[in-house]
Amino acid sequence: MIVIIDTGCANLSSVKFAVERLGYKVVISKEREDILGADKLFLPGVGTATEAMENLRQRGLIELVKQVDKPLLGICLGMQMLAEFSIEGGAKQADEPVPCLGLVPGTVSLMEPAPGQRLPHMGWNQIQPQSDHPLFKDIEPGSYFYFVHSYALPVGEHTLAECDYGNAFTAAVGRDNFFGVQFHPERSGKAGAQLIKNFLEM
Amino acid sequence: MLAKRIIPCLDVKDGVVVKGVKFRNHEVMGDIVPLAKRYAEEGADELVFYDITASSDARVVDKSWVSRVAEVIDIPFCVAGGIKTIDDANRTLQHGADKVSINSPALADPSLITKLADKFGVQCIVVGIDSYYCEETKQYQVKQFTGDEKRTVTTTWNTFDWVKEVQERGAGEIVLNVMNQDGVRQGYDLEQLSRVREICKVPLIASGGAGEMQHFADAFNQSDVDGALAASVFHKSIINIGELKQFLKQQEVAIRL
């Protein structure tokens, strides 16, 4: 069973449609038995870290997600929630770093674009996968993916792909069974579909 | 490198795609889903759907078409029109839209921008601005309720002041539509775009006036906009998106092919 975790503030249906376009069945759920019984999970996110973590807490999902031992893919904010902390608060930065799930090391912080580059980092940018990781099977280095975010996870030991916008940042991360992509594979054309397929076939 | 975006805009009215000249005389261009799919296949980087009747008619607009688009489209899309509350935005995003764009409701209640940014993140809050250059006063004015000519009003906002204001309130992107140029295909208003660019720290999308491929190159190379939006040239097949992107690549514009 493939499960999209119902985080409340996310645009869940676009991820659902992307999985269905590949011919898979998928359910959106926040129920314990679905989440712990799933073979593959997606943790999508649109919103702010503050809002998203609060939603997880209210739904009792924080400890549940940490218990997952099957492959889980966080998307955009869903990837950022895998980190230890985020400083995203909405229209302004959060007063205190927001504790996240702590499943991959690092703190999500405001990006520092070069002069003439705008925030949010919005649009199609190229990624460089660091390894021959199965998540990037049949995806050429330099492929374009769709990004829309102002905060990012710095490059670290668990970075699987980098992207550059002012500085290099983590475009994809993986630690144990927890994976995350900063871009939106469900909105990244053929390359995005390939990545979702790779994840589902891992 | 971050690519410049080519963005077909589909004006939606009563569930079909329409296009008018200078915001008037709307003619039906076709069904939403096949047109959206065609643009995605031709290489569009993003789509914008403006439900042009929504803000003017003060009604709850049927957004079920958003789901139909989200089902078949694998590129991002933004929905504008009739989004006046957090609930409206939430429903639209739940249907599968990636971003929501607000225009008239932001003018009526500028705090809406901040409320939406706090709830959904600045990255999915786009503010559309309909700017009109008044020859008499030599002023750039912001217009409201442009979906219905009878209700269109000139606000007290000067375009540049409003551009600054919406950024302070949490806009994640600005679509600047120059009404003088809309639908007449004489080129984007480069002077206005360049002046807005100087004060716009978030992505800026040019809208209104594209008629030939060079107009897109000019907007990117001279006014440094992040994306260029157009409607009639794509709907009427005057410009093919694939050919446009090849042309822009040759003009050394960063483009996703």
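Residues numbered from 1 in each chain as written. Chains lettered and ligands numbered in written order. Predicted model: local features only at pLDDT ≥ 70, side-chain atom pairs only at ≥ 80, totals over all residues.

Caption draft 1: Seen up close, the overall build of chain B. A count of helical and extended segments in chain B gives 11 helices and 12 strands. Its C-alpha radius of gyration of 17 Å places chain B within 12% of the 18 Å reference for a compact globule of 257 residues. Based on the C-alpha atoms only, the size of chain B along its principal axes is roughly 45 × 45 × 35 Å. Counting all 257 residues of chain B, 56% fall into the buried class. Sequence separation of 24 or more characterises 67% of the internal contacts of chain B that already satisfy a separation of 6 or more. (Helix = DSSP H or I, 4+ residues; strand = E, 2+ residues; numbered from the N terminus. Rg over C-alpha atoms; globule rule 2.2 N^0.38 Å. Buried ≥ 20, exposed ≤ 12 C-beta atoms within 10 Å, placed from the backbone. Contact = placed C-beta atoms within 7 Å.)

Caption draft 2: Quick look at the overall build of chain A. Secondary structure summary: chain A contains 6 helices and 13 strands in total. For a compact globule of 202 residues, the expected C-alpha radius of gyration is about 17 Å, and chain A comes in at 15 Å, within 12% of that figure. C-alpha extents for chain A along the principal axes are approximately 50 × 40 × 30 Å. When contacts within chain A are restricted to residue pairs at least 6 apart in sequence, those whose partners lie at least 24 apart make up 67%.

Caption draft 3: Local environment of the nonpolar core. Formed by 147 residues in total, the largest nonpolar core has its most connected members in Leu47(B), Val48(B), Val100(B), Ile125(B), Ile174(B) and Ala228(B). Ignoring any residue separated from it by four or fewer positions in sequence, one finds Val48(B) in contact with Ile7(B), Cys9(B), Phe77(B), Cys78(B), Ala80(B) and Leu229(B). (Core = buried A, V, L, I, M, F, W, Y, C linked by C-beta atoms within 7 Å.)

Caption draft 4: Quick peek at the interface of chain A and chain B. Each side of the interface is counted separately: chain A has 31 residues, and chain B has 33 residues. Elements that contribute at least two residues to the side of chain A that touches chain B include exactly α1 (12-21), β8 (121-129), β9 (144-149) and α6 (189-200) of chain A. Among the elements that take part in the side of chain A that touches chain B, β8(A) stands out by supplying 6 residues, more than any other. Split into classes, the residues belonging to the side of chain A that touches chain B amount to 13 nonpolar, 15 polar and 3 charged. (Nonpolar A, V, L, I, M, F, W, Y, C, P; charged D, E, K, R; others polar.)

Caption draft 5: Quick look at unusual backbone geometry. Backbone torsion omega between Leu119(A) and Pro120(A) reads 0°, so that peptide bond is classified as cis. Residue position: Pro120(A) is located in the loop between β7 (107-110) and β8. Unlike most non-glycine residues, Asp224(B) shows phi in positive territory, near 55°. Mapped onto the fold, Asp224(B) is located in the loop between α9 (213-223) and β12 (227-230). The class of Asp224(B) is partly exposed, set by 16 C-beta atoms lying within 10 Å.

Caption draft 6: Representation of the sheet that holds strand β2 (residues 27-29) of chain A in the model. Residues and elements named next belong to chain A. Read across the open sheet, the 9 strands follow the order β2-β1-β3-β4-β13-β12-β11-β8-β9; overall the sheet is mixed. Strands at the two margins of the open sheet, each flanked by one partner only, are β2 and β9. Taking the axes of each pair of neighbouring strands and ignoring which way they run, one obtains an average angle of 30° across the sheet. Its contacts with the sheet put α1 on β1 (2-5), β2, β3 (40-43) and β4 (72-75), and the angle it makes with β1 is roughly 165°. Across the sheet, α6 touches β1, β3, β4, β9 and β13 (178-181), and the angle it forms with β9 is around 90°. (Pairing = 2+ DSSP bridges. Axes fitted to C-alpha atoms, helices over the stretch in contact; angles between N-to-C directions.)

Caption draft 7: How the structure looks around the confidence of the model for chain A. Averaged over chain A, the pLDDT score is 92; the fraction of residues at 70 or greater is 96%. Per-element confidence in chain A is highest for β13(A), whose mean pLDDT is 98, and lowest for strand β6 (residues 93-99) of chain A, whose mean pLDDT is 79. (pLDDT = per-residue confidence, 0-100.)

Caption draft 8: Summary view of the environment of Lys13(B). Secondary-structure assignment places Lys13(B) in strand β1 (residues 5-13). For the pair Lys13(B) and Tyr50(B), spaced 37 residues apart in sequence, the C-alpha to C-alpha distance is 8.3 Å.

Caption draft 9: Quick peek at helix α4 (residues 86-94) of chain B. Residues and elements named next belong to chain B. Among the residues of α4, Asp-88, Ala-89, Thr-92 and Leu-93 are the ones counted as buried. All buried residues of α4 lie within an arc of 125° about the axis, which places them on one face of the element. Looking at the buried side of α4, the elements it contacts are α3 (64-72), β5 (77-80), β6 (99-102) and α6 (111-120). Looking one or two places after α4, you find Gly-96, whose phi comes out positive at around 120°. (Arc of directions from axis to C-beta.)

Caption draft 10: The arrangement of the environment of Gln214(B) in detail. Residue and element names in this part refer to chain B. Position of Gln-214 among the secondary structure elements: in helix α9. A residue is classified by how many C-beta atoms lie within 10 Å of it, and Gln-214, with 14 of them, is partly exposed. It is 8.4 Å that separates the C-alpha atoms of Gln-214 and Leu-248, two residues lying 34 residues apart in sequence.

Caption draft 11: Quick look at the packing of α9(B) against helix α11 (residues 241-250) of chain B. Residue and element names in this part refer to chain B. It is the contact of α9 with α11, at a shortest axis distance of 10 Å, that shows an interaxial angle of 45°. In terms of their interaxial angle, α9 and α11 are classed as oblique. Considering the relative orientation of α9 and α11, their crossing is right-handed. Contacts from Met-213, Phe-216, Ala-217 and Phe-220 of α9 reach α11 at Leu-244, Phe-247 and Leu-248. Classifying every residue of the contact of α9 with α11 gives 7 nonpolar, no polar and no charged. (Parallel < 35°, antiparallel > 145°, perpendicular 65-115°, else oblique. Left-handed = near helix turned anticlockwise from the far one by under 90°.)

Caption draft 12: Structural detail: α3(B). Looking at α3(B), one finds that the buried residues are Trp65(B), Val66(B), Val69(B) and Ala70(B). The buried residues of α3(B) occupy an angular sector of 140° when projected down its axis, which confines them to one face. Its buried side turned inward, α3(B) meets α1 of chain A together with α1 (32-42), β5 and α4 of chain B.

Caption draft 13: Layout of the packing of helix α7 (residues 159-168) of chain B against helix α8 (residues 190-199) of chain B. Residue and element names in this part refer to chain B. Their axes nearest at 10 Å, the elements α7 and α8 cross at an angle of 35°. Both α7 and α8 take part in a crossing whose hand is right-handed. Counting all contacts with α7, which are made through Phe-160, Val-163 and Lys-164, the residues of α8 involved are Arg-195, Val-196 and Ile-199. Per-class residue counts for the contact of α7 with α8 are 4 nonpolar, no polar and 2 charged.

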